[in-house]
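If you want the building blocks of each chain, they are given just below.
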Amino acid sequence: MDSLLEYRNCPNCGQNDFEVLFESNMKTDDFNVLFDYRMEGHDSQEGVEGYLVPGKEWGRHVKCKNCHLIYMNPMEKVSQTNEYYFKAKNTHAPTIRESYLKTAESQVRLIQKYAIGTNLLDIGCAQGFFLYNASKAGYTTKGIEISQDAAEYAIMEFGLDIEAKPFEELRFPENHFDVVTLWQVLEHVPYPLTVLKEVHRILKPGGLLVASTPDIAGIPAKILRKRWWDIKRLHINQFSTKTLTDILQNGGFKNISSVSYRGFVSLSILLTMMLKYLDAYERLKALFNPDSILGKTLNKIMLIYPSRLNHCVVLGFK
Ligand SMILES: [Zn+2]
(Lines give C-alpha, C1' and ligand atoms only; values in the text may rest on other atoms or scores of the structure.)
Protein backbone atom coordinates (compact mmCIF):
# COMPACT_ATOMS: atom_id res chain seq x y z
CA MET A 1 0.00 0.00 0.00
CA ASP A 2 2.97 2.30 -0.49
CA SER A 3 1.03 4.31 -3.02
CA LEU A 4 -0.76 6.08 -0.14
CA LEU A 5 2.52 7.47 1.10
CA GLU A 6 5.07 9.88 -0.22
CA TYR A 7 8.73 10.19 0.82
CA ARG A 8 10.52 13.52 1.00
CA ASN A 9 14.01 14.81 1.28
CA CYS A 10 14.40 17.37 4.05
CA PRO A 11 11.99 20.18 3.08
CA ASN A 12 14.49 22.78 4.29
CA CYS A 13 17.98 21.74 3.14
CA GLY A 14 17.06 19.09 0.57
CA GLN A 15 19.30 16.36 2.04
CA ASN A 16 18.16 12.84 2.78
CA ASP A 17 20.15 12.05 5.93
CA PHE A 18 18.03 11.73 9.07
CA GLU A 19 17.54 9.98 12.37
CA VAL A 20 14.13 8.58 13.27
CA LEU A 21 12.67 10.34 16.33
CA PHE A 22 9.62 8.15 16.60
CA GLU A 23 7.81 5.68 14.42
CA SER A 24 4.31 6.05 13.08
CA ASN A 25 1.52 4.63 15.23
CA MET A 26 -0.59 4.00 12.14
CA LYS A 27 -0.57 0.94 9.97
CA THR A 28 0.08 1.87 6.37
CA ASP A 29 -3.54 1.14 5.53
CA ASP A 30 -4.73 3.55 8.23
CA PHE A 31 -3.58 6.49 6.17
CA ASN A 32 -6.38 5.67 3.83
CA VAL A 33 -8.98 4.49 6.34
CA LEU A 34 -8.74 7.51 8.61
CA PHE A 35 -8.64 9.78 5.66
CA ASP A 36 -12.00 8.45 4.49
CA TYR A 37 -13.39 8.71 7.99
CA ARG A 38 -12.51 12.38 8.18
CA MET A 39 -13.97 13.04 4.77
CA GLU A 40 -17.30 11.59 5.81
CA GLY A 41 -17.56 13.61 8.98
CA HIS A 42 -19.75 16.51 8.08
CA ASP A 43 -21.78 16.89 11.25
CA SER A 44 -20.93 19.40 13.91
CA GLN A 45 -19.18 17.13 16.43
CA GLU A 46 -16.91 15.91 13.73
CA GLY A 47 -15.95 19.43 12.82
CA VAL A 48 -15.06 20.31 16.40
CA GLU A 49 -13.14 17.08 16.76
CA GLY A 50 -11.19 17.65 13.59
CA TYR A 51 -9.87 20.82 15.06
CA LEU A 52 -9.40 20.21 18.74
CA VAL A 53 -8.51 16.57 19.17
CA PRO A 54 -5.13 16.02 20.85
CA GLY A 55 -2.61 14.18 18.72
CA LYS A 56 -3.68 10.56 18.47
CA GLU A 57 -2.43 9.52 15.06
CA TRP A 58 0.89 10.43 13.61
CA GLY A 59 3.32 9.36 10.96
CA ARG A 60 7.02 8.61 11.35
CA HIS A 61 8.88 11.71 12.53
CA VAL A 62 12.50 12.18 11.51
CA LYS A 63 15.14 14.80 12.25
CA CYS A 64 17.44 16.02 9.50
CA LYS A 65 21.07 15.43 10.51
CA ASN A 66 22.17 18.42 8.49
CA CYS A 67 19.76 21.25 9.44
CA HIS A 68 17.89 19.59 12.37
CA LEU A 69 14.42 20.19 10.97
CA ILE A 70 11.87 17.66 12.25
CA TYR A 71 9.45 16.43 9.60
CA MET A 72 7.12 13.57 8.84
CA ASN A 73 8.61 11.07 6.43
CA PRO A 74 6.90 9.38 4.74
CA MET A 75 3.76 11.49 4.74
CA GLU A 76 0.32 11.01 3.31
CA LYS A 77 0.23 11.57 -0.44
CA VAL A 78 -0.08 15.27 -1.19
CA SER A 79 -2.97 14.83 -3.61
CA GLN A 80 -4.98 13.05 -0.90
CA THR A 81 -4.24 15.59 1.80
CA ASN A 82 -5.18 18.44 -0.53
CA GLU A 83 -8.43 16.71 -1.27
CA TYR A 84 -9.10 16.62 2.47
CA TYR A 85 -8.36 20.33 2.93
CA PHE A 86 -10.51 21.17 -0.06
CA LYS A 87 -13.52 19.39 1.45
CA ALA A 88 -12.86 20.13 5.15
CA LYS A 89 -15.93 21.45 6.91
CA ASN A 90 -15.96 24.60 8.91
CA THR A 91 -18.27 23.60 11.72
CA HIS A 92 -15.99 24.76 14.55
CA ALA A 93 -16.17 28.43 13.50
CA PRO A 94 -18.79 29.41 16.14
CA THR A 95 -16.62 27.90 18.90
CA ILE A 96 -13.39 29.63 17.91
CA ARG A 97 -14.80 32.88 16.55
CA GLU A 98 -14.61 35.10 19.65
CA SER A 99 -11.13 34.06 20.73
CA TYR A 100 -9.68 34.13 17.21
CA LEU A 101 -11.07 37.61 16.59
CA LYS A 102 -9.46 38.82 19.83
CA THR A 103 -6.16 37.17 18.94
CA ALA A 104 -6.32 38.75 15.49
CA GLU A 105 -6.33 42.21 17.10
CA SER A 106 -2.92 41.44 18.63
CA GLN A 107 -1.67 40.05 15.33
CA VAL A 108 -2.72 43.22 13.49
CA ARG A 109 -0.93 45.39 16.08
CA LEU A 110 2.20 43.35 15.48
CA ILE A 111 1.98 43.94 11.71
CA GLN A 112 1.40 47.66 12.21
CA LYS A 113 4.75 47.95 14.01
CA TYR A 114 6.79 46.57 11.11
CA ALA A 115 4.90 46.90 7.81
CA ILE A 116 6.01 49.36 5.12
CA GLY A 117 2.58 49.65 3.47
CA THR A 118 -0.97 48.35 3.56
CA ASN A 119 -1.26 45.84 0.71
CA LEU A 120 -1.60 42.56 2.60
CA LEU A 121 -1.92 38.89 1.61
CA ASP A 122 -2.86 36.18 4.13
CA ILE A 123 -2.07 32.66 2.90
CA GLY A 124 -4.23 29.97 4.51
CA CYS A 125 -6.64 32.56 5.90
CA ALA A 126 -9.19 29.98 7.15
CA GLN A 127 -12.41 31.74 8.26
CA GLY A 128 -10.87 35.19 7.77
CA PHE A 129 -10.74 36.29 11.43
CA PHE A 130 -7.31 37.87 11.02
CA LEU A 131 -8.09 39.42 7.62
CA TYR A 132 -11.30 40.94 8.92
CA ASN A 133 -9.39 42.75 11.66
CA ALA A 134 -6.64 43.77 9.23
CA SER A 135 -9.17 45.28 6.85
CA LYS A 136 -10.84 47.13 9.73
CA ALA A 137 -7.41 48.57 10.57
CA GLY A 138 -7.08 49.97 7.03
CA TYR A 139 -5.24 47.23 5.16
CA THR A 140 -6.16 46.27 1.60
CA THR A 141 -6.53 42.56 2.11
CA LYS A 142 -6.51 39.42 0.05
CA GLY A 143 -6.84 35.90 1.40
CA ILE A 144 -6.10 32.44 0.08
CA GLU A 145 -7.85 29.39 1.51
CA ILE A 146 -8.23 25.96 -0.06
CA SER A 147 -10.98 24.78 2.27
CA GLN A 148 -13.99 25.78 0.21
CA ASP A 149 -16.20 25.88 3.28
CA ALA A 150 -13.93 28.14 5.33
CA ALA A 151 -13.40 30.45 2.34
CA GLU A 152 -17.15 30.76 1.92
CA TYR A 153 -17.53 31.65 5.59
CA ALA A 154 -14.91 34.40 5.25
CA ILE A 155 -16.69 35.82 2.22
CA MET A 156 -20.21 35.61 3.64
CA GLU A 157 -19.46 36.73 7.22
CA PHE A 158 -16.91 39.44 6.56
CA GLY A 159 -17.22 40.30 2.86
CA LEU A 160 -13.53 39.51 2.32
CA ASP A 161 -11.69 39.06 -0.97
CA ILE A 162 -10.67 35.38 -0.93
CA GLU A 163 -9.23 33.05 -3.56
CA ALA A 164 -10.34 29.50 -2.77
CA LYS A 165 -7.41 27.93 -4.64
CA PRO A 166 -3.98 26.54 -3.80
CA PHE A 167 -1.30 29.24 -3.48
CA GLU A 168 0.86 27.45 -6.08
CA GLU A 169 -1.80 28.01 -8.73
CA LEU A 170 -1.99 31.76 -8.17
CA ARG A 171 0.80 33.65 -9.84
CA PHE A 172 0.80 37.08 -8.26
CA PRO A 173 2.94 39.82 -9.83
CA GLU A 174 6.49 40.30 -8.59
CA ASN A 175 7.10 43.00 -5.93
CA HIS A 176 3.39 43.32 -5.26
CA PHE A 177 2.57 42.99 -1.54
CA ASP A 178 3.76 45.01 1.46
CA VAL A 179 2.90 42.23 3.90
CA VAL A 180 2.40 38.48 3.59
CA THR A 181 1.26 36.43 6.58
CA LEU A 182 1.47 32.66 7.12
CA TRP A 183 -0.33 31.99 10.41
CA GLN A 184 -0.09 28.26 11.19
CA VAL A 185 0.50 27.24 7.59
CA LEU A 186 4.10 26.07 7.13
CA GLU A 187 3.60 23.02 9.35
CA HIS A 188 0.95 21.81 6.88
CA VAL A 189 2.66 22.26 3.52
CA PRO A 190 4.87 19.54 2.01
CA TYR A 191 7.36 21.97 0.47
CA PRO A 192 7.56 25.03 2.76
CA LEU A 193 10.74 26.37 1.15
CA THR A 194 9.00 26.57 -2.23
CA VAL A 195 6.18 28.56 -0.61
CA LEU A 196 8.66 30.93 1.08
CA LYS A 197 10.57 31.57 -2.16
CA GLU A 198 7.33 32.42 -3.94
CA VAL A 199 6.33 34.73 -1.07
CA HIS A 200 9.71 36.42 -1.38
CA ARG A 201 9.12 36.97 -5.11
CA ILE A 202 5.72 38.62 -4.67
CA LEU A 203 6.75 40.85 -1.74
CA LYS A 204 7.97 44.38 -2.42
CA PRO A 205 11.58 45.13 -1.46
CA GLY A 206 11.48 45.87 2.28
CA GLY A 207 8.19 43.97 2.50
CA LEU A 208 7.31 42.02 5.64
CA LEU A 209 6.70 38.30 6.08
CA VAL A 210 5.19 36.99 9.32
CA ALA A 211 5.21 33.23 9.82
CA SER A 212 4.03 31.29 12.84
CA THR A 213 3.95 27.57 13.59
CA PRO A 214 3.62 25.34 16.65
CA ASP A 215 6.93 25.17 18.56
CA ILE A 216 8.40 21.67 18.85
CA ALA A 217 10.98 23.11 21.26
CA GLY A 218 8.31 24.76 23.43
CA ILE A 219 7.28 23.74 26.94
CA PRO A 220 4.05 21.87 26.07
CA ALA A 221 5.88 19.87 23.37
CA LYS A 222 8.71 19.03 25.79
CA ILE A 223 6.33 17.87 28.52
CA LEU A 224 3.77 16.00 26.43
CA ARG A 225 6.12 14.67 23.72
CA LYS A 226 4.14 12.43 21.37
CA ARG A 227 0.92 13.37 23.18
CA TRP A 228 1.43 17.08 22.43
CA TRP A 229 -1.72 18.33 20.70
CA ASP A 230 0.28 19.67 17.76
CA ILE A 231 1.73 16.26 16.89
CA LYS A 232 -0.91 15.12 14.45
CA ARG A 233 -1.45 13.77 11.00
CA LEU A 234 -1.81 17.08 9.26
CA HIS A 235 1.26 18.68 10.85
CA ILE A 236 3.93 17.30 8.57
CA ASN A 237 6.71 19.74 9.51
CA GLN A 238 7.63 20.60 13.10
CA PHE A 239 9.60 23.80 13.53
CA SER A 240 11.44 25.44 16.39
CA THR A 241 12.30 29.14 16.32
CA LYS A 242 15.77 28.10 15.16
CA THR A 243 14.67 25.91 12.23
CA LEU A 244 11.94 28.37 11.24
CA THR A 245 14.50 31.17 11.16
CA ASP A 246 16.80 28.94 9.14
CA ILE A 247 14.21 28.15 6.46
CA LEU A 248 13.26 31.84 6.13
CA GLN A 249 16.92 32.63 5.57
CA ASN A 250 17.05 29.95 2.87
CA GLY A 251 13.98 31.54 1.32
CA GLY A 252 15.94 34.80 0.93
CA PHE A 253 14.58 36.77 3.90
CA LYS A 254 16.71 39.20 5.93
CA ASN A 255 16.67 40.74 9.40
CA ILE A 256 14.76 37.78 10.78
CA SER A 257 13.62 38.05 14.38
CA SER A 258 11.45 36.13 16.79
CA VAL A 259 8.45 37.89 18.36
CA SER A 260 5.43 37.10 20.51
CA TYR A 261 1.91 38.49 20.69
CA ARG A 262 -1.00 38.18 23.10
CA GLY A 263 -3.15 35.20 22.26
CA PHE A 264 -6.66 34.59 23.58
CA VAL A 265 -8.20 31.22 24.27
CA SER A 266 -11.77 30.72 25.42
CA LEU A 267 -12.66 28.58 28.40
CA SER A 268 -14.71 26.49 26.01
CA ILE A 269 -11.67 25.56 23.90
CA LEU A 270 -9.50 24.93 26.95
CA LEU A 271 -12.02 22.69 28.70
CA THR A 272 -12.75 20.78 25.50
CA MET A 273 -9.09 20.06 25.08
CA MET A 274 -8.59 18.99 28.69
CA LEU A 275 -11.59 16.69 28.56
CA LYS A 276 -10.31 15.13 25.37
CA TYR A 277 -7.01 14.38 27.04
CA LEU A 278 -8.99 12.69 29.81
CA ASP A 279 -11.17 10.87 27.28
CA ALA A 280 -14.23 12.43 28.93
CA TYR A 281 -15.28 14.79 26.17
CA GLU A 282 -17.75 12.51 24.39
CA ARG A 283 -19.92 12.26 27.50
CA LEU A 284 -19.95 15.99 28.16
CA LYS A 285 -19.80 17.55 24.74
CA ALA A 286 -23.42 18.77 24.81
CA LEU A 287 -22.30 21.36 27.41
CA PHE A 288 -20.10 23.02 24.83
CA ASN A 289 -22.74 23.58 22.19
CA PRO A 290 -21.97 27.16 21.10
CA ASP A 291 -25.71 27.90 20.75
CA SER A 292 -26.55 27.06 24.37
CA ILE A 293 -26.33 29.66 27.15
CA LEU A 294 -23.54 27.78 28.89
CA GLY A 295 -21.71 27.31 25.58
CA LYS A 296 -22.00 31.03 24.82
CA THR A 297 -20.72 31.94 28.27
CA LEU A 298 -17.78 29.54 28.05
CA ASN A 299 -16.93 31.04 24.66
CA LYS A 300 -16.90 34.54 26.11
CA ILE A 301 -14.57 33.87 29.04
CA MET A 302 -11.08 34.39 27.68
CA LEU A 303 -7.67 33.58 29.03
CA ILE A 304 -4.71 35.51 27.76
CA TYR A 305 -1.40 33.82 27.00
CA PRO A 306 1.82 34.84 25.24
CA SER A 307 1.97 33.18 21.81
CA ARG A 308 5.53 32.04 22.54
CA LEU A 309 4.16 29.57 25.08
CA ASN A 310 3.34 27.15 22.25
CA HIS A 311 4.26 28.89 18.99
CA CYS A 312 7.22 30.23 17.07
CA VAL A 313 6.47 33.57 15.45
CA VAL A 314 9.14 35.03 13.20
CA LEU A 315 9.38 38.15 11.06
CA GLY A 316 11.53 38.49 7.97
CA PHE A 317 12.01 41.17 5.35
CA LYS A 318 12.71 41.08 1.61
ZN1 LIG B 1 17.70 19.48 6.47
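As the structure is a computational prediction, the values presented were derived from the model and not from experiment. (Residues numbered from 1 in each chain as written. Predicted model: local features only at pLDDT ≥ 70, side-chain atom pairs only at ≥ 80, totals over all residues. Heavy atoms only, no water.)

Enquirer: Can you walk me through the coordination of the zinc ion in this structure?
Expert: Ideal geometry at a metal centre: 109.5 degrees between donors when four sit tetrahedrally, and 90 or 180 degrees when six sit octahedrally. Around the zinc ion, the donor atoms from the protein are Cys10 (SG), Cys13 (SG), Cys64 (SG) and Cys67 (SG), and they sit 2.3 Å away. One can describe the site at the zinc ion as tetrahedral: its 4 donor atoms subtend angles covering 98 to 121° at the metal. Within one chain, the residues donating to the zinc ion are spaced in sequence as C-x2-C-x50-C-x2-C. Each member of the pair, Cys64 as well as Cys67, carries the same accessibility label: buried. (Donors = N, O, S within 2.8 Å, 3.2 Å for Na, K, Ca; no water. Tetrahedral: all angles 85-135°; square planar, octahedral: opposite > 155°, others 65-115°. Buried < 20%, exposed > 50% of the residue type's maximum accessible area, 1.4 Å probe, protein only.)

Enquirer: Hey, could you run me through the layout of surface pockets in this one?
Expert: A volume near 390 Å³ is recorded for the second largest pocket. As for the second largest pocket, its lining consists of 17 residues, of which Leu21, Phe22, Ile70, Ile216 and Ala221 are closest to the centre. Contributing elements (two or more residues each) for the lining of the second largest pocket: strand E2 (18-22) and helix H8 (219-224). Split into classes, the residues belonging to the lining of the second largest pocket amount to 9 nonpolar, 4 polar and 4 charged. (1 Å grid on protein atoms, 1.4 Å probe; cavity = no way out; pocket = protein on both sides within 12 Å on 5 of 7 lines; lining within 4 Å. Points joined across faces, edges and corners; volume = space filled by probe spheres on them. Helix = DSSP H or I, 4+ residues; strand = E, 2+ residues; numbered from the N terminus. Nonpolar A, V, L, I, M, F, W, Y, C, P; charged D, E, K, R; others polar.)

Enquirer: Explain the pairing of strand E13 (residues 262-266) to me, please; I cannot follow it from the model alone.
Expert: Consecutive side chains of a regular strand alternate in pointing toward one face of the sheet and then the other. Of all the 5 residues making up E13, 4 are buried; the element is thus mostly covered by neighbouring parts of the structure. Two strands pair when backbone bridges link them, and E13 and strand E14 (residues 302-306) are joined in this way by 5 bridges, in the antiparallel orientation. Looking across to E14, one finds that Arg262 is bridged to Pro306. (Pairing = 2+ DSSP bridges.)

Enquirer: Even after reading the chapter, I still don't get the packing of helix H4 (residues 93-114) against helix H5 (residues 129-136), so can you show me in this structure?
Expert: How two helices sit against one another is set out by the angle between their axes and by the gap between those axes. Where H4 contacts H5, the axes come no closer than 7 Å and their chain directions differ by 45°. Relative to H5, the element H4 is oriented oblique. When you trace H4 past H5, the crossing you get is right-handed. Along its contact with H4, which presents Ala93, Ile96, Arg97, Tyr100, Leu101, Ala104, Glu105, Gln107, Val108 and Ile111, the element H5 presents Phe129, Phe130, Tyr132, Asn133 and Ala134. (Axes fitted to C-alpha atoms, helices over the stretch in contact; angles between N-to-C directions. Parallel < 35°, antiparallel > 145°, perpendicular 65-115°, else oblique. Left-handed = near helix turned anticlockwise from the far one by under 90°. Contact = heavy atoms within 4.5 Å.)

Enquirer: Mind showing me how you'd approach unusual backbone geometry here?
Expert: If a residue is not glycine, its phi is most likely negative; likewise, a peptide bond is most likely trans. In this chain, Asn73 is followed by Pro74 through a cis amide linkage whose omega measures 0°. By secondary structure assignment, the location of Pro74 is in the loop between strand E4 (70-72) and strand E5 (75-76). For His68, which is not a glycine, the phi torsion comes out positive at approximately 70°. Positionally, His68 belongs in the loop between strand E3 (61-64) and E4. The phi angle at Asn175 is positive, at roughly 50°, despite the residue not being glycine. Considering the arrangement of structural elements, one finds Asn175 in the loop between strand E8 (162-163) and strand E9 (177-183).

Enquirer: Honestly, the pattern of salt bridges in this entry has me stumped. Any pointers?
Expert: Taken as a whole and judged by the stated rule, the model has 9 salt bridges. Of the charged contacts, one joins Lys142 and Asp161 as a salt bridge, the two residues approaching to 3.1 Å between their closest N and O atoms. Placement of Lys142 in strand E7 (residues 140-144) and of Asp161 in the loop between helix H6 (148-158) and E8 is noted, with a sequence separation of 19 residues between them. Judged by relative accessible area, which is 40%, Asp161 ranks as partly exposed. With its nearest N and O atoms 3.5 Å apart, the salt bridge here joins Glu163 to Lys142. On the criterion of sequence distance, the pair formed by Glu163 in strand E8 and Lys142 in strand E7 is long-range, its members being 21 residues apart. (Salt bridge = Lys/Arg side-chain N within 4 Å of Asp/Glu carboxyl O.)

Enquirer: Just to check I follow, could you spell out the packing of H4 against H6 for this structure?
Expert: At a minimum axis distance of 14 Å, the contact between H4 and H6 shows a crossing angle of 65°. The handedness of the crossing between H4 and H6 is right-handed. The residues of H6 that touch H4, namely those facing Ala93, Arg97 and Leu101, are Tyr153, Glu157 and Phe158. Along the lines of polarity and charge, the residues of the contact of H4 with H6 split into 4 nonpolar, no polar and 2 charged.

Enquirer: What is the right way to read the nonpolar core from this model?
Expert: Burial of nonpolar side chains together is a common tendency in soluble globular proteins. Within the largest apolar cluster, 33 residues are counted, with the highest numbers of intra-cluster contacts made by Leu121, Phe167, Leu182, Leu186, Val199, Leu209 and Leu248. It is helix H7 (residues 192-202) that provides the largest number of residues to this core, a total of 5 residues. Aside from chain neighbours lying at most four places away, what touches Leu121 is Lys142, Ile144, Phe167, Phe172, Phe177, Val179, Val180, Thr181 and Ile202. Ile111, Ala151, Phe158 and Phe317 belong to the second-largest nonpolar core, a separate cluster that totals 31 residues. (Core = buried A, V, L, I, M, F, W, Y, C linked by side-chain atoms within 4.5 Å.)

Enquirer: Is there a simple way to think about the side chain of Asn310 in this case?
Expert: The residue Asn310 is located in the loop between E14 and strand E15 (311-317) in this model. We classify Asn310 as buried; its relative accessible area is 7%. Apart from the residues within four sequence positions on either side, Asn310 is in contact with Thr213, Pro214, Asp215, Pro220, Trp228, Trp229 and Asp230.

Enquirer: Can you help me understand the sheet that holds E2 in this one?
Expert: Two orientations exist for strands paired in a sheet by backbone hydrogen bonds: parallel and antiparallel. With antiparallel pairing, the 4 strands of this open sheet are ordered in space as E2-E3-E4-E11. Looking at which strands have only one partner, the edges of the open sheet turn out to be E2 and strand E11 (237-238). Two strands pair when backbone bridges link them, and E4 and E11 are joined in this way by 2 bridges, in the antiparallel orientation. Counterpart to Ile70 in the pairing with E11 is Gln238.

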